[in-house]
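Structural overview
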2 protein chains.
Amino acid sequence: MFEAPYLLFLGDAPDGLAAKMAQGIYDWRPDAAAGQLRMDGCKADLGIRDMTVQEAVEAGVKTLVIGVVNRGGIISESWTSVLVEALEAGLDVASGLHNLLRDEPALVEAAEKSGCTLHDVRIPTVKYPIASGKKRTGKRCLAVGTDCSVGKMYTAIALDREMKKQGMQSTFRATGQTGILIEGNGVPLDAVIADFMAGSIEWLTPDNDADHWDIIEGQGSLFHASYSGVTMALIHGGQPDALILCHEPTRETMRGLPDYTLPSLAQLRDTALPLAQWVNPDCKVAAISVNTQHMSEEEALAYLDDVEKTMGIPTVDPFRQGAGRLVEALACI
Amino acid sequence: MFEAPYLLFLGDAPDGLAAKMAQGIYDWRPDAAAGQLRMDGCKADLGIRDMTVQEAVEAGVKTLVIGVVNRGGIISESWTSVLVEALEAGLDVASGLHNLLRDEPALVEAAEKSGCTLHDVRIPTVKYPIASGKKRTGKRCLAVGTDCSVGKMYTAIALDREMKKQGMQSTFRATGQTGILIEGNGVPLDAVIADFMAGSIEWLTPDNDADHWDIIEGQGSLFHASYSGVTMALIHGGQPDALILCHEPTRETMRGLPDYTLPSLAQLRDTALPLAQWVNPDCKVAAISVNTQHMSEEEALAYLDDVEKTMGIPTVDPFRQGAGRLVEALACI
């Protein structure tokens, strides 16, 4: 869709989670991430080279990728001045924000003057169908979470890469901006019109070979009051054969919803599975993927072991331990 | 939004359900419905005067309202010729279809020539917020169904009208095109962008007096693979104090999904209530509203009695019996 290498724009990210788009691109395509651009007050850091726009141009960067989200997706004045500078210096700009680059007159003007391109990757470019609910061939796995931003995309990509490594047939199916930026295609589900959400996921995961796995990136959470409808559409449109439960055990309240604590993994299982079985009676909860980045190695392993005993299914942190046991769990389905 | 009286356009509706928008307008605003226009092959009939466009003009009609949906929302050539005729004769045209009138060059041209207006009521005119999940004051009731088109809107409007008759404070909150056409405002939820669905319902049902009831029109069904995400957003955005379960007992398969049978009322209760209690722990299933239009009086009463005994909550058909017992059930909450 747009050219590497990238300058990853972290703006004035209030924390690392706000820059998870940039982090995801860096994690899965480190060779494409030439550097990061951080403004005053930025609390995120990918640990890669900090670059000015000019340094990026000199390093051969082609595209500035906005790798940070603001709640509500506002493009502030301080951001605009950096983006204009990038366009004037000859970089394309790519964004997955709700607010479109093409709706910002200053950016449009700068792009026209310099002959550079504004890429709004969150606009669906396909006319999606209404979901039919018809059974499709091939196998599908969906990552569902106790909350937003608990590692669903990471889990899905790690699983896909491990399956490919083992010679299995699989495809990562991106449903969010970061996933799309990494994979090069997908459905920007949170920007799809309500009536076509489930249909867009059917479109994304069509009939396939009997032994082919679609590994579908999850979005939101059934327990997240802002986005639960999006998750529901993924479950019914994705028609999963396997669910992987994703969790971040140190999170105290739901992302962006300080009045809500997180559900337990058992609550997530008992809520998600019957909903999935409505469209695919054979669906199973195959495994649990825990994001233990805020725990020590010892704490993490004890926690994983404890959850595995309680829940009775393979429980791993694919970042610490690899996705091998997740692949094994799916192979049994 | 647009002027009465209306000519209700039923097109070539394959059955009465396809014309439920027209039926709803006629049921709740019979004085505004001057006549119906039915094309060859139309299987719907409101039982009101059939009119040509010319007869409608002579009868003082101001607006042709498209009261019929096609799956996928296609504006066919045969429809276009009738709509052009209406515009040329001086009528405005209003539509809640996915396909917008303004995207049809023939209609735009005819409207420009005649000075008439094309009203696309399904386009949201508000920039909705992302849902916060914060507890709001006032009370809310949401109609949820075992399927689409089982009487959720009818139940909600009947309840609102009966509450007002009894001197209670209530507001019908429309979430679909027909409801919006009837009420004059609301949220066209199925056309809202995924991320803002729940937020649009929070916006529609803001803080209110402690004894005020918002009666929220339901959409889709948690068990309808095409639209379950929309229903989920209503449950979490609506933050209901009371759910009313809606059902059509003679329906054999889900609307538009011939591979799916309907869930039971108990399944609907056990699925919807825990999801609603996540955002409002005090939520209760208050009553059941059954659409018994395809049953004899005797069959209907026996069925209602049986369901009431099994489910243990008031069970009525508000069309046959009025909404009095539904209001009583809410008054106890």
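These numbers come from a predicted model, not from an experiment.

Now for the sheet that holds strand S3 (residues 63-66) of chain A. Strand pairing in a sheet relies on backbone hydrogen bonds. The paired strands run either parallel or antiparallel. All names here are of chain A. The strand order across the open sheet formed by five strands is S2-S1-S3-S4-S5, and the pairing between neighbours is parallel. Taken across any chain shown, the strands that pair with only one partner, and hence form the sheet edges, are strand S2 (33-38) and strand S5 (118-120). If you compare each strand with its neighbour and ignore which way they point, the axes differ by 25 degrees on average. Pairing geometry for strand S4 (residues 92-95) and S5, over three bridges, is parallel.

Before going further, it helps to spend a moment on the pattern of salt bridges. A full pass over the atoms with the stated rule returns 39 salt bridges over all chains. A salt bridge links Asp160(A) to Arg161(A), with the shortest nitrogen-to-oxygen separation between them at 3.6 Å. With a closest N to O distance of 2.9 Å, Asp305(B) and Lys309(B) form a salt bridge. One end of the pair, Asp305(B), and the other, Lys309(B), are both in helix H10 (residues 297-311), four residues apart, so they sit about a helical turn from each other. Residue Lys309(B) is classed as exposed on the basis of its relative accessible area of 65%. Among the charged side chains, a network of salt bridges with common partners joins Asp160(A), Arg161(A), Lys164(A) and Glu183(A).

All names here are of chain A. A cis amide bond links Ala4 with the next residue in sequence, Pro5, at an omega value of -5 degrees. One can find Pro5 in the segment before strand S1 (6-11). Unusually for a residue other than glycine, Gln239 sits at a positive phi of about 50 degrees. Looking at where Gln239 falls in the secondary structure, it is placed in the loop between helix H8 (228-238) and strand S9 (242-247). Taking relative accessible area as the criterion, Gln239 reaches 0% and is therefore assigned buried.

Okay, the interface of chain A and chain B next. Listed per partner, the contact involves 42 residues of chain A and 42 residues of chain B. Around 3400 Å² of area is buried between chain A and chain B when both sides are counted, 59% of it from carbon and sulfur atoms. Contact with chain B buries surface across chain A, with Asp195(A), Tyr260(A) and Trp278(A) losing the most and accounting together for 21% of the total. On inspection of chain A and its partner chain B, the count reaches two salt bridges. Note that Lys134(A) and Asp259(B) form a salt bridge whose closest N and O atoms lie 3.9 Å from each other. Our enumeration of links across chain A and chain B arrives at 12 residue pairs in polar contact (both at pLDDT 80 or more). It is H8(A) that provides the largest number of residues to the side of chain A that touches chain B, a total of six residues. When its residues are assigned to classes, the side of chain A that touches chain B shows 24 nonpolar, 12 polar and six charged.

Residues and elements named next belong to chain B. Read across the open sheet, the five strands follow the order S2-S1-S3-S4-S5; overall the sheet is parallel. The sheet terminates laterally at strand S2 (33-38) and strand S5 (118-120), the two strands that pair on one side only. When the angles between neighbouring strand axes are averaged without regard to direction, this sheet yields 25 degrees. Bridge count for strand S1 (residues 6-11) against strand S3 (residues 63-66) is four bridges, and the pairing is parallel. Bridge pairing in S3 places Phe9 opposite Ile66.

Reading guide: rules and limits
- Counting from 1, residues in each chain are numbered in the order their sequence is written.
- Note on labels: chains are lettered from A, ligands numbered from 1, in written order.
- Where local features are concerned, this predicted model is filtered to residues with pLDDT of at least 70; where side-chain atom pairs are given and counted, the filter is 80 or more; whole-chain, interface and lining totals use all residues.
- The side-chain figures draw on all heavy atoms in the structure; neither hydrogens nor water molecules are used.
- By this definition, two strands are paired if DSSP reports at least two bridges between them.
- Helix and strand labels come from DSSP, where a helix needs a run of H or I of at least four residues and a strand needs a run of E of at least two; each type is numbered from the N terminus.
- An axis is simply a line fitted to the C-alpha atoms; with a helix, the fit covers only the stretch in contact. Between two such axes, the angle follows the N-to-C directions and lies from 0 to 180 degrees.
- Definition used for salt bridges: Asp or Glu carboxyl oxygen within 4 Å of a side-chain nitrogen of Lys or Arg.
- In this scheme, a residue with accessible area under 20% of its type's maximum is buried, one over 50% is exposed, and one in between is partly exposed, where area comes from a 1.4 Å probe on protein chains only.
- Should any heavy atoms of two residues lie within 4.5 Å, those residues are considered in contact.
- Summed over both partners, the accessible area (1.4 Å probe) lost when two parts come together is defined as the buried area.
- Identification of polar contacts relies on pairs of N or O atoms within 3.5 Å, with a donor-acceptor requirement for protein atoms, meaning one able to donate a hydrogen and the other able to accept it, and with residues adjacent in sequence counted only if both atoms are side-chain atoms.
- Here the term charged refers only to Asp, Glu, Lys and Arg, the term nonpolar to Ala, Val, Leu, Ile, Met, Phe, Trp, Tyr, Cys and Pro, and the term polar to all other amino acids, Gly among them.

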